[in-house]
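One letter stands for each residue in the lines below.
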Amino acid sequence: MSVTAVTGLLGGTRSIVGGQLRPTGTTTVKFAAVEELARRLDLSAAELLAMIRIEPRTALRRRAEGRLRTEEADRLLRVARVVARARSVFGSLDKARRWLKRENRVLGGAAPVTLLGTDLGAESVGDELGRIEFGDFA
């Protein structure tokens, strides 16, 4: 998935401290990116924060600090990568959002968005997107 597609979901390069994602694992993401991605997914910021395992009191501190810690940013970026892939597969963010929120039999009846909080869940959603993308519905 392209870096531009991922950063676009987070509010563009202005949401990344230093203006670019770094493959070294030192990317710092501004707290505003949480709110932007939540808005694009039609979720509350609290729902997205819970998904990426940031407790409410910690979220208040991060909001005041203006940025996420590296491991928190990684979890947010994981969600954004899957959303960007879904948008690519379905052709629009609106269609991707509907698919992400709809229960999916292949994913054990869970809505894909509910699985994005873990690596294994995000990988399962990514695998399903791959099957859809390449027409393998078996």
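Here the structure is a predicted model, which is why all the values come from computation and not from measurement.

Enquirer: Looking at this structure, I do not really get the overall build of the protein. What am I missing?
Expert: Scanning the protein from terminus to terminus reveals seven helices and zero strands. When the 138 residues of the protein are sorted by exposure, 45% land in the buried category. Summarising the internal contacts of the protein: among those between residues at least 6 apart in sequence, 57% fall at separations of at least 24. About 7400 Å² of surface is accessible on the protein, with carbon and sulfur atoms providing 51% of the total.

Enquirer: Looking at this structure, how should I read the environment of M51?
Expert: Inspection of the secondary structure puts M51 in helix α3 (residues 45-51). Owing to a relative accessible area of 14%, M51 belongs among the buried residues under this scheme. Separated by 25 residues in sequence, M51 and L76 have C-alpha atoms that sit 8.9 Å apart. Beyond its immediate chain neighbours, meaning those up to four positions away, M51 contacts L43, V79, V113, L116 and G117.

Enquirer: What am I meant to see in helix α2 (residues 32-41) here?
Expert: Note that an α-helix has 3.6 residues per turn; residues three or four places apart therefore point the same way. Along α2, the positions that sit buried rather than exposed are A33, V34, E36, L37, A38 and L41. Following α2 by one or two positions, D42 has its phi on the positive side, about 60 degrees.

Enquirer: Explain the side chain of N104 here, please?
Expert: Positionally, N104 belongs in the loop between α6 (93-101) and α7 (119-133). Overall, N104 belongs to the buried group, its relative accessible area being 9%. If we skip the residues at most four places from it in the chain, N104 touches W99, G109, A110, P112 and E128.

Enquirer: Where do I start with the side chain of R75 in this structure?
Expert: Mapping R75 onto the fold places it in helix α5 (residues 70-90). For the buried R75, no salt bridge exists, and the shortest N-O distance to an oppositely charged side chain is 4.8 Å, to E72.

Enquirer: Explain the nonpolar core here, please?
Expert: Nonpolar side chains in soluble globular proteins generally cluster together in the buried interior. If you look at the biggest cluster of nonpolar residues, it comprises 41 residues, and the most contacted ones within it are L37, L76 and V79. Counting residues per element, this core draws most heavily on α5, which supplies nine residues. Among all residues touching L37, those that are not within four sequence positions of it are L9, L10, L48, L76, V79 and A80.

Enquirer: Can you walk me through the confidence of the model for the protein in this structure?
Expert: Atom-level detail of predicted coordinates should not be read off regions where pLDDT is low. Within the protein, residue pLDDT values average 89, and 90% of them lie at 70 or more. Predicted confidence in the protein is weakest over helix α1 (residues 3-9), with a mean pLDDT of 83, and strongest over α6, with 97.

Enquirer: Could you clarify how one ought to interpret the pattern of salt bridges in this entry?
Expert: When their charged atoms lie close together, side chains carrying opposite charge are able to pair. As enumerated under the stated definition, the model contains twelve salt bridges in all. The closest approach of N and O atoms between E36 and R39, which form a salt bridge, is 2.5 Å. Of the two residues, E36 and R39 are both situated in helix α2; the distance of three residues between them amounts to about one turn of the helix. The exposure class of R39 is exposed, given its relative accessible area of 53%. Overlapping salt bridges, with partners in common, bring together R62, E65, R69 and E72 in one network.

Definitions and cut-offs
- Per-chain numbering applies: the sequence of each chain, read as written, is numbered from 1 onward.
- Only residues with pLDDT of 70 or above have their local features reported here, since the model is predicted, and side-chain atom pairs are shown and tallied only from 80 upward, although totals for entire chains, interfaces and linings are computed over all residues.
- Side-chain descriptors were evaluated using all non-hydrogen atoms of the structure, hydrogens and water having been removed beforehand.
- We count a stretch as a helix when DSSP gives it H or I for four or more residues in a row; a strand needs E for two or more, and each element gets its number in order from the N terminus.
- Throughout, exposure labels follow a simple rule: accessible area from a 1.4 Å probe, protein chains only, divided by the maximum for the residue type, with under 20% read as buried, over 50% as exposed, and the rest as partly exposed.
- The contact rule is simple, with two residues in contact once any of their heavy atoms fall within 4.5 Å.
- All accessibility values rest on the Shrake-Rupley procedure with a 1.4 Å probe; residue burial counts only the protein chains present in the view.
- Only four residue types enter the tally: Lys and Arg on the positive side, Asp and Glu on the negative side, with His and both chain ends excluded.
- The salt bridge definition used is simple: a Lys or Arg side-chain nitrogen within 4 Å of an Asp or Glu carboxyl oxygen.
- By nonpolar core we mean a set of buried residues, namely Ala, Val, Leu, Ile, Met, Phe, Trp, Tyr and Cys, connected to one another through side-chain atoms within 4.5 Å.
- On a scale of 0 to 100, pLDDT captures the predictor's confidence in every residue.

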